[in-house]
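Architecture and fold: a report
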Number of protein chains: 2
Amino acid sequence: MPVFPDAIQSLVDELRKLPGIGPKSAQRLAFHLIVAGKPAINKLISSLEEARDRVGYCSVCGNLTESDPCPICQDSKRDRTLICVVGYPKDVLAIERAGGYRGLYHVLHGYIEPLKGVGPEDLRTKELLARLGPGSPVKEVILATNPDVDGETTALYLAKVLKPLEVRVTRLARGLPFGADLDYADEVTLARSLEGRREVT
Amino acid sequence: MPVFPDAIQSLVDELRKLPGIGPKSAQRLAFHLIVAGKPAINKLISSLEEARDRVGYCSVCGNLTESDPCPICQDSKRDRTLICVVGYPKDVLAIERAGGYRGLYHVLHGYIEPLKGVGPEDLRTKELLARLGPGSPVKEVILATNPDVDGETTALYLAKVLKPLEVRVTRLARGLPFGADLDYADEVTLARSLEGRREVT
């Protein structure tokens with residue numbers, strides 16, 4: 001005999017599909033929502049519906065947007081000679097939050113992952129090359145992929161592909177993160193921060 | 001200028017209201033849902049709608065249910081002389097999962113919390129007393145409130161209120177949890193497990 005109604009169980013099952021939500025969290029969320037009552041559930045439903053109906057991808061940079069092209073691509077105050085290439089829309093948010101960057105973006109929607117069968121043709125590389133074609137104002141492409149295996153693979157591939165084009169290709173700096181402790185830094189980070197050491201001016 | 005569409009931001013805001021979901025998790029969930037696409041969002045929406053429309057409270061025990069009375073209250077094989085009093089519907093699930101209990105339940109929907117202004121009149125205590133009125137088959141009430149301050153307060157209050165009635169009032173046993181290590185047990189638990197020691201038979 002089921003202890004809980006099927007409707008709760010299926011809500012728990014749906015919530016469990018979300019990243020980072022285990023069986024216990026899913027149950028707690030479902031109970032919370034049901035106990036919170038209809039108005040709370042309705043607000044969540046309508047925000048899901050809005051996100052579903054209003055959000056799409058920018059045809060230029062691939063970022064999530066409600067208008068096409070997205071506000072960043074449309075912004076005439078942005079530096080059109082710079083394109084920052086990232087893996088996912090959330091990376092755009094991270095860089096914007098850091099402040100200071102005034103160029104454009106290009107979202108790949110993934111990284112090259114041979115083991116998962118994801119190759120360059122599955123990413124938005126063709127669209128990136130199209131933005132760098134004849135007459136393009138772009139002078140520099142910043143490869144801001146994650147500093148891990150997949151991000152490195154993708155950056156190496158893109159660097160190779162972009163080489164023949166008359167464009168400067170750069171990578172984000174590597175080194176010790178702010179607030180780090182030398183004693184706890186891993187070997188790779190420490191080795192890279194030595195390699196990339198800079199003159200004190 | 002907003003980096004992300006308002007529709008994503010409002011979804012993030014809604015998700016943040018859920019227990020245990022911080023700003024970073026809410027953002028990750030929102031992105032996951034949007035990238036997962038319309039069918040995934042639609043499944044979540046319809047499970048929320050079902051939970052909203054089909055789940056209510058049992059008028060007898062106060063547990064969450066799709067039918068009233070709930071399947072447990074309706075089950076003729078359940079022992080009607082036993083009522084297990086718990087704080088929340090999820091506690092019914094925990095006890096059912098443990099197996100072995102074949103009586104009925106009574107869900108208080110909270111604990112007495114003077115600091116939050118929650119008194120006995122805010123809980124389903126009146127309904128509990130109604131179930132114990134003249135002609136009631138109930139012989140024992142098990143107070144299965146949490147072993148913390150609020151749970152203790154509530155149990156003490158209920159024990160006092162139930163005293164005049166011709167009903168046995170019990171509490172869940174306290175002691176060392178299964179798999180515990182004496183060395184790591186806290187003082188209160190250890191003291192209680194000594195107090196409640198039992199003859200080896």
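Residues numbered from 1 in each chain as written. Chains lettered and ligands numbered in written order. Predicted model: local features only at pLDDT ≥ 70, side-chain atom pairs only at ≥ 80, totals over all residues. Heavy atoms only, no water.

A word on the packing of aromatic side chains
To describe a pair of aromatic rings, you give the distance between the ring centres and the angle between the ring planes. Formally: Stacked, tilted and edge-to-face are the three classes applied to pairs of Phe, Tyr and Trp rings, where Trp contributes its six-membered ring and a pair requires centres within 6.5 Å; stacked means planes under 30 degrees apart, edge-to-face means over 60, and tilted covers the rest. Think of it this way: any DSSP run of H or I at least four residues long counts as a helix, any run of E at least two long counts as a strand, and we number them from the N terminus. Two limits define a charge over a ring: the Lys NZ or Arg CZ must be within 6 Å of the ring centre, and within 35 degrees of the ring normal.
This model, assessed by the stated rule, comprises 4 aromatic pairs over all chains. Taking 5.8 Å as the distance between ring centres and 90 degrees as the angle between the ring planes, the aromatic pair formed by Tyr88 of chain B and Tyr111 of chain B counts as edge-to-face. Taken together, the residues span a long stretch of sequence, with Tyr88 of chain B in the loop between strand S3 (79-86) and helix H5 (89-98) and Tyr111 of chain B in the loop between strand S4 (103-107) and helix H6 (125-131) at a distance of 23 residues. If you follow Lys90 of chain A out to its NZ or CZ, it ends over the ring of Tyr88 of chain A, 5.5 Å from the centre.

Structural notes on the environment of Tyr157 of chain A
Residues and elements named next belong to chain A. The test is simple: Only protein chains enter the area calculation, which uses a 1.4 Å probe; residues under 20% of their type maximum are buried, those over 50% are exposed, and those in between are partly exposed. In what follows, residue pairs with any heavy atoms lying within 4.5 Å of each other are defined as contacts.
Topologically, Tyr157 is positioned in helix H7 (residues 149-162). Here Tyr157 falls in the partly exposed class, since its relative accessible area comes to 27%. Among residues more than four places away in sequence, those in contact with Tyr157 are Ile112, Pro120 and Thr125.

Quick word on the domain arrangement of chain A
Interface extent is often summarised as the accessible area lost during association of the parts. The following threshold applies: Segment limits for the domains were obtained from an automatic or database-derived domain assignment.
The domain boundaries assigned to chain A delineate domain 1 (6-54) and domain 2 (64-199). Using C-alpha coordinates to define each centre, domain 1 of chain A is positioned 34 Å away from domain 2 of chain A.

Focus on the relation of the copies chain A and chain B
Just so we agree on the cut-off: Least squares is the method used to superpose the copies, on C-alpha atoms of residues holding a pLDDT of at least 70 in both.
The two copies are related by a screw operation: chain A maps onto chain B through 179 degrees of rotation and 0.1 Å of translation along the axis, at an RMSD of 0.2 Å. The superposition operator between the copies reduces to a two-fold rotation axis. When C-alpha distances to the rotation axis are compared across chain A, the minimum falls at Ile45 of chain A, with a value of 2.8 Å. Comparing interface residues between copies, 100% of those in chain A also lie at the interface in chain B; the contact surface is shared.

Overview of the interface of chain A and chain B
Keep this limit in mind: Summed over both partners, the accessible area lost on bringing two parts together, with a 1.4 Å probe, is the buried area. The working definition used for a salt bridge is a side-chain nitrogen of Lys or Arg within 4 Å of a carboxyl oxygen of Asp or Glu. Identification of polar contacts relies on pairs of N or O atoms within 3.5 Å, with a donor-acceptor requirement for protein atoms, meaning one able to donate a hydrogen and the other able to accept it, and with residues adjacent in sequence counted only if both atoms are side-chain atoms. Three classes are used, and their members are as follows: Ala, Val, Leu, Ile, Met, Phe, Trp, Tyr, Cys and Pro are nonpolar, Asp, Glu, Lys and Arg are charged, and the others, Gly among them, are polar.
Across the boundary between the two partners, chain A contributes 55 residues, which contact 55 residues of chain B. Together chain A and chain B conceal approximately 5,000 Å² of surface at their shared face, both sides included; 71% is due to carbon and sulfur atoms. Applying the counting rule to chain A against chain B returns 2 salt bridges. We note a salt bridge from Glu14 of chain B to Lys43 of chain A, for which the minimum N-O separation is 3.9 Å. In this structure, the connection of chain A to chain B is made through 9 residue pairs in polar contact (both at pLDDT 80 or more). Where the side of chain A that touches chain B is concerned, the elements lending two or more residues are helix H1 (6-16), helix H2 (23-36), helix H3 (38-54), strand S2 (64-65), helix H4 (71-74) and helix H5 (89-98) of chain A. Here the element with the most residues in the side of chain A that touches chain B is H3 of chain A; it accounts for 14 residues. Split into classes, the residues belonging to the side of chain A that touches chain B amount to 30 nonpolar, 8 polar and 17 charged.

Things to note about the sheet that holds S3 of chain B
Residue and element names in this part refer to chain B. Applicable threshold: By definition, two strands form a pair when at least two bridges between them are found by DSSP. For helices, the axis comes from a line fit to the C-alpha atoms of the stretch in contact; other axes are also lines fit to C-alpha atoms, and the angle between any two N-to-C directions lies between 0 and 180 degrees.
In space, the 4 strands of this open sheet follow the order S4-S3-S5-S6, with parallel pairing throughout. Edge positions in the open sheet fall to S4 and strand S6 (168-171), since each of these has one partner strand only. On average, each strand axis in the sheet is inclined to that of its neighbour by 25 degrees, with strand direction left out of account. H5 rests against S3 and S4 of the sheet, and its axis sits at about 155 degrees to S4. Contacting S3, strand S5 (140-143) and S6, helix H7 (residues 149-162) runs over the sheet at an angle of about 165 degrees to S5.

Brief notes about H5 of chain B
Those residues of H5 of chain B that sit buried are Pro89, Asp91, Val92, Leu93, Ile95 and Glu96 of chain B. Packing partners of the buried residues in H5 of chain B comprise H2 of chain A together with strand S2 (64-65), helix H4 (71-74), S3 and S4 of chain B. Positive phi shows up at Gly99 of chain B, right after H5 of chain B, with a value of about 75 degrees.

Looking at a positive patch on the surface
Inclusion rule: The patches described consist of residues with a relative accessible area above 30% and no salt bridge, like charges being joined within 9 Å and nonpolar side chains (Val, Leu, Ile, Met, Phe, Trp, Tyr) within 5 Å. Only the protein chains shown count as cover for residues, with accessible areas throughout obtained via the Shrake-Rupley method and a probe of 1.4 Å. By the counting scheme adopted, Arg and Lys are positive, Glu and Asp are negative, and His together with the chain ends is not counted. Charge positions come from single atoms, namely NZ of Lys, CZ of Arg, CG of Asp or CD of Glu.
A contiguous patch of positive charge, built from Lys24 and Arg28 of chain A together with Lys90 and Arg97 of chain B, is present on the exposed surface. Elements with a minimum of two residues in the positive patch: H2 of chain A together with H5 of chain B. Along the chain, Arg28 of chain A falls in helix H2.

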